[in-house]
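# Examining the three-dimensional arrangement
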Amino acid sequence: MRPVCVVSADFEAEPKERCMLGADYVKAIHRAGGLPLIAPPVLDCADPKEAAMRTCEVAGGLVLTGGADLNPRLFGQSPHPSLGSISPVRDEFEIALASAALSIGLPILAICRGMQVLNVAAGGGLIQDIQSSCQGAHAHAISAPRWHPTHSVSVEPGSALSRILGEGVVWVNSFHHQAVQPVAPGFEVTAWADDGIVEAIEKPGAHFVIGVQWHPESLVERHPEFLKLFSEFVRAAQGMW
Ligand code: MN
């Protein structure tokens with residue numbers, strides 16, 4: 001039976017309030033054997049933590065998805081001049097989802113912004129703008145087709161990620177201007193770009209808690225090796241990983 005995989009949705013306040021999610025996420029989960037269930041940010045909810053916990057309790061696994069910047073207040077910083085748009089409603093619910101999932105040992109696949117949410121929920125921080133804060137960094141917010149790998153990352157030997165994707169160099173897509181730093185206590189970096197930007201994190205010893213800075217859901221059709229991230233996550237959601 002397909003395990004329920006809860007997928008966090010985006011929230012747009014203007015011009016009309018909408019909950020949204022790119023179809024690539026649900027297609028990749030379904031192709032990998034999971035049953036995707038979209039979890040919208042809960043609006044005007046008296047207790048988002050309770051809502052997040054109840055959402056996680058029906059799930060075999062949680063996918064935290066991509067999107068806009070996190071509110072820097074969540075990791076103790078003032079807004080950088082290059083900070084993009086933020087969504088406090090989405091931030092609050094996704095941080096609560098990540099915290100609930102971590103507390104009950106739910107498998108987590110965290111993608112792009114999702115990896116940043118996971119890191120902040122676990123007590124880490126972010127670089128708000130790579131271009132102005134990291135000397136010598138190459139471009140990471142790249143205008144290219146979603147399925148096109150644009151830079152390489154090195155996967156740490158011995159990591160859970162290396163058991164899924166293999167050790168060494170992997171080429172990935174890149175649509176981010178923020179980056180994980182510092183990494184949350186209890187987490188490790190498992191892939192780096194060659195300019196030192198963190199491209200993947202995981203929680204050693206956890207039952208599949210992995211974040212990637214790229215967008216595997218947009219790569220799976222043309223680069224099927226990335227489907228393995230989803231199929232191993234689905235296996236974890238079935239208790240088989
Ligand atoms: Mn990148």
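Here's what I pulled together on the structure shown here. Because the structure is a prediction, the values reported are computed rather than measured.

What follows concerns the coordination of the manganese ion. Summarising the metal site, the manganese ion is bound by the protein donors His140 (ND1), His151 (NE2), Ser174 (OG), His176 (NE2) and Glu199 (OE), whose distances to it range over 2.3 to 2.4 Å. In primary-sequence terms, the residues that donate to the manganese ion follow H-x10-H-x22-S-x1-H-x22-E. With His151 in strand E8 (residues 151-155) and Glu199 in strand E12 (residues 198-202), this pair connects stretches of sequence that are 48 residues apart. For His151, a relative accessible area of 4% translates into the label buried. Residue Glu199 is classed as buried on the basis of its relative accessible area, which comes to 0%.

A word on the pairing of strand E5 (residues 61-64). Side chains Gly61 and Val63 project from E5 onto one buried face, and the interleaved Leu62 and Leu64 project onto a second face that is buried too. Judged from the three bridges that link them, strand E1 (residues 4-8) and E5 form a sheet pairing that is parallel. Across the sheet, Val6 pairs through a bridge with Leu62, a residue of E5. Where E5 meets strand E6 (residues 108-111), three bridges bridge the pair, whose relative direction is parallel. Across the sheet, Leu64 pairs through a bridge with Ala110, a residue of E6. After leaving E5, the chain enters helix H3 (residues 88-104) and then returns to the sheet as E6, a path that is right-handed.

What follows is about the sheet that holds strand E13 (residues 209-212). A sheet is described by the order of its strands in space; here nine strands give the open sequence E4-E1-E5-E6-E13-E12-E11-E8-E9, paired in mixed fashion. This sheet does not close on itself; its edge strands, each paired only once, are strand E4 (35-39) and strand E9 (168-172). Here the average twist between neighbouring strands, direction ignored, is 20°. Contacting E1, E4, E5, E6 and E13, H3 crosses the sheet at an angle of about 145° to E5. Sheet contacts for helix H7 (residues 227-237): E1, E5, E6 and E13; angle to E6, the most-contacted strand, approximately 150°.

Oppositely charged side chains can form a pair if their charged atoms are brought close together. Applying the stated criterion to the full structure yields seven salt bridges. The partner of Arg31 in a salt bridge is Glu221, and the shortest N-O contact between them spans 3.9 Å. Within this pair, whereas Arg31 is found in helix H1 (residues 23-31), its partner Glu221 is found in the loop between E13 and H7, the two being separated by 190 residues in sequence. Assessed through its relative accessible area of 48%, Arg31 is described here as partly exposed. What makes Glu221 exposed here is its relative accessible area of 63%. For the salt bridge of Asp91 with Arg113, the shortest nitrogen-to-oxygen distance reads 2.9 Å. On the criterion of sequence distance, the pair formed by Asp91 in helix H3 and Arg113 in helix H4 (residues 113-121) is long-range, its members being 22 residues apart. Arg113 carries the same exposure label as Asp91, and that label is buried.

With respect to the helices, strands and loops of the structure, Glu202 is situated in strand E12. The side chain of Glu202 sits in the buried core without any salt bridge; Arg163 is the nearest counter-charge, 6.0 Å away. Looking at Glu202, its side chain comes within polar contact range of the main-chain nitrogen of Leu161, at 3.1 Å. Those residues in contact with Glu202 that sit more than four places away from it in its chain are Ser159, Ala160, Leu161, Gly186, Phe187, Glu188, Thr190, Val209 and Ile210.

Generally speaking, nonpolar side chains in soluble globular proteins are found buried as a group. In this structure, Leu109, Ile111, Leu161, Val212, Trp214, Phe226 and Phe230 are the most contacted members of the largest nonpolar core, which totals 34 residues. Those elements that provide at least two residues to this core are E1, H1, E6, E8, helix H6 (160-165), E9, E13 and H7. Considering each element in turn, this core owes the most residues, seven residues, to H7. Look past the residues within four positions of Phe226 in its chain and what remains in contact with it is Leu165, Val170, Trp171, Val172, Trp214, Pro216, Leu219 and Val220. One finds Cys56, Phe93, Met115 and Phe187 within the second-largest nonpolar core, a separate group that totals 32 residues.

The next subject is helix H2 (residues 48-57). Of the residues making up H2, those classed as buried are Pro48, Ala51, Ala52, Thr55 and Cys56. Down the axis of H2, the smallest arc covering the buried residues is 135°, so these residues share one side. Of the exposed residues in H2, the ones pointing more than 90 degrees away from its buried face are Lys49, Arg54 and Glu57. In the core, the buried residues of H2 are packed alongside E1, E4 and H3.

Reading the values: the criteria
Residues numbered from 1 in each chain as written. Predicted model: local features only at pLDDT ≥ 70, side-chain atom pairs only at ≥ 80, totals over all residues. Heavy atoms only, no water. Donors = N, O, S within 2.8 Å, 3.2 Å for Na, K, Ca; no water. Helix = DSSP H or I, 4+ residues; strand = E, 2+ residues; numbered from the N terminus. Buried < 20%, exposed > 50% of the residue type's maximum accessible area, 1.4 Å probe, protein only. Pairing = 2+ DSSP bridges. Right-handed = clockwise from strand over helix to strand, strands pointing away. Axes fitted to C-alpha atoms, helices over the stretch in contact; angles between N-to-C directions. Contact = heavy atoms within 4.5 Å. Salt bridge = Lys/Arg side-chain N within 4 Å of Asp/Glu carboxyl O. Lys, Arg positive; Asp, Glu negative; His and termini not counted. Polar contact = N/O pair within 3.5 Å; in protein donor to acceptor, adjacent residues only side chain to side chain. Core = buried A, V, L, I, M, F, W, Y, C linked by side-chain atoms within 4.5 Å. Arc of directions from axis to C-beta.

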